[in-house]
Structures are given as C-alpha cells and as structure tokens.
Amino acid sequence: MFLIKSIKKKISKIDAIVLSDYNKGTLTKYLIHNIIKIAKKNNVLVTADCKPKNYLFYKNVDILKPNKKEAIEMASIDDIEKAGEKISKDLGADIVITLGGEGVYVFRKNNQRFSIDAVAKKIYDVSGAGDTFLATLTLYLLAKKDLKKAVEIANKASGIVIGKPGVASITKRELE
C-alpha cells in the first residue's frame, strides 16, 4: 500500500513509469494493476519488462519488452510472429521483442508491425542490455519520438552497452 500511496501522491510530477520485474516479489499482481490504473488515469506512460510467469499482470501497460525466449514462453508458441500477436492481444499493449543478434520485432496493438536490424558490432557482455533498451525507449518516447524511431535509438543504445565489459552506461555522445 505504501508504494501505491506514494505513486498517487507524486503522479502529477511523473512523466513515465518503468517496471522492471525480476520476479523477486516486490511487483505483485495487485501493485502492478494499481500502478497501471493510476498511470492511465493521469496519462503517464508505463513501459515494462517482466518474467514470463507474470506477463498477464501487465494488462493495459503501454509497452511490454520481452526478449525472444521470454516472448515464446509467454505465448506458449514457438513462432515469434504469432507469439507477438498473442501477447499484444492478451495485454492490449504494444509489444517490443528484442531478438539479440537478430534485432527487434515490434507488434502494435493496432496490428501494425515492423522490425529493426541489430546494430551491435562486437559483443563483450550482454548484462544490462534489456534494461538499457527499455530505459532508452521510454526516454525517447517521452521526447515525442514515434515508436519506430524510439526503438531504433534504444536498439543502438543496447548495442553500445553490450560492446562494453560488465554492466555499463552510455553517453548522449555515444548515441549520436
């Protein structure tokens, strides 16, 4: 309840909420449902990445970003296109599936879709790539970029991060 009260109190000062669910117990179905409800009521963008076990908790999130393995597990379908369609329909959300070296596949809730090629030149460490992708995607959507442009930039950001050792950050200059 404390987190919900805190979000309600501060929602007018929030532009976006990023939920990164590692299935450790903090993000419960009740909490996620209420966060999305509060955000929707206040026109606040909600993006999320979660473990397959919890994906149905994210109904009405704006964007869910699983990786390929997670998307296939969520949908119980071994075809990425059908999996993306199913997850988007189940959640009423745009689904951005990261495909590692194969790039990114996007399934819009309006049935449009597109893909972006991978940009990584060398892979040193994939730690943090998904979080970097989601944070960058959210930031560029807030900067009023369309989803395709935001995905392209997020893809570039995660490509830069995996070329560095350990969990790494990137700079604006590196993105330019």
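A quick note: this is a predicted structure, and the numbers were derived from the prediction, not measured. Every chain is numbered independently, its residues counted from 1 as its sequence is written. Totals for whole chains, interfaces and linings use all residues, but because this is a predicted model, local features are given only for residues with pLDDT of at least 70 and pairs of side-chain atoms are given and counted only at 80 or more. Water and hydrogen atoms were dropped before computing side-chain values, which therefore reflect all heavy atoms in the structure.

Caption draft 1: Fine view of the packing of helix α5 (residues 129–142) against helix α6 (residues 147–161). Closest axis-to-axis distance for the α5/α6 pair is 8 Å, and the angle between their directions is 145°. Where α5 crosses over α6, the handedness of that crossing is right-handed. On the side of α5, the interface is formed by A129, T132, F133, T136, L137, Y140 and L141, while α6 contributes L147, A150, V151, I153, A154, N155, A157, S158 and V161. Per-class residue counts for the contact of α5 with α6 are 12 nonpolar, four polar and no charged. Here, axes are lines fitted to C-alpha atoms. For helices the fit covers the stretch in contact, and angles between N-to-C directions go from 0 to 180 degrees. Numbering of helices and strands runs from the N terminus; a helix is a DSSP stretch of H or I covering at least four residues, while a strand is a stretch of E covering at least two. Two helices that cross are described as forming a left-handed crossing if the nearer one is turned anticlockwise from the farther one by less than a right angle, and a right-handed crossing if clockwise. Two residues form a contact once any of their heavy atoms are found within 4.5 Å. Asp, Glu, Lys and Arg are counted as charged, while Ala, Val, Leu, Ile, Met, Phe, Trp, Tyr, Cys and Pro are counted as nonpolar; the rest, among them Gly, fall into the polar class.

Caption draft 2: Structural view of the sheet that holds strand β5 (residues 104–107). Read across the open sheet, the six strands follow the order β1-β2-β3-β4-β5-β6; overall the sheet is mixed. Both edges of this open sheet fall to β1 (16–20) and β6 (113–116), since each of them pairs with a single strand only. Lying on the sheet, helix α2 (residues 29–41) is in contact with β1 and β2 (45–49); it crosses β1 at an angle near 160°. Its contacts with the sheet put α6 on β3 (63–64), β4 (94–98), β5 and β6, and the angle it makes with β6 is roughly 25°. A pair of strands is treated as paired once DSSP finds two or more bridges between them.

Caption draft 3: Main features of the nonpolar core. Note on terminology: a nonpolar core comprises buried Ala, Val, Leu, Ile, Met, Phe, Trp, Tyr and Cys residues joined through side-chain atoms within 4.5 Å. Burial classes follow relative accessibility: with a 1.4 Å probe on protein chains only, a residue under 20% of its type's maximum area counts as buried, one over 50% as exposed, and anything between as partly exposed. By size, the foremost hydrophobic cluster in this structure holds 33 residues, and its most contacted members are I17, L19, Y58, L64 and I87. Top element by residues in this core is α2. It accounts for six residues. When sequence neighbours within four positions are dropped, the list of residues in contact with L19 reads L27, I32, I35, V46, T47, A48, D49, Y58 and L134. The next biggest cluster of nonpolar side chains, apart from the first, holds 19 residues, and it includes L45, F114, L137 and I160.

Caption draft 4: Broad picture of the packing of helix α3 (residues 68–75) against helix α4 (residues 80–91). Contact geometry of α3 with α4 gives a least axis separation of 9 Å together with a crossing angle of 65°. Seen along the crossing, α3 lies across α4 with a hand that is left-handed. On α4, the residues that touch K68, A71, I72, M74 and A75 of α3 are I80, A83, K86 and I87. Residue composition of the contact of α3 with α4, by class: seven nonpolar, no polar and two charged.

Caption draft 5: Quick peek at the pairing of β4. With respect to burial, β4 is a largely interior element, five of its five residues being buried. Side chains D94, V96 and T98 project from β4 onto one buried face, and the interleaved I95 and I97 project onto a second face that is buried too. Where β3 lies against β4, two bridges are found, and the strand directions are parallel. Looking at β4, one finds that I63 is bridged to D94. Note that β4 and β5 share four bridges and pair antiparallel. Its bridge partner lying in β5, I95 is registered against F107. The antiparallel hairpin formed by β4 and β5 contains five residues in its connecting segment, where G100 sits at a positive phi of about 60°.

Caption draft 6: Fine view of unusual backbone geometry. At N60, a position not held by glycine, the phi torsion is positive, near 75°. Tracing the backbone shows N60 in the loop between β2 and β3. Judged by relative accessible area, N60 falls into the partly exposed class, the value being 38%. One non-glycine residue, S76, adopts positive backbone phi at about 55°. Along the chain, S76 turns up in the loop between α3 and α4. You can call S76 exposed: its relative accessible area is 65%.

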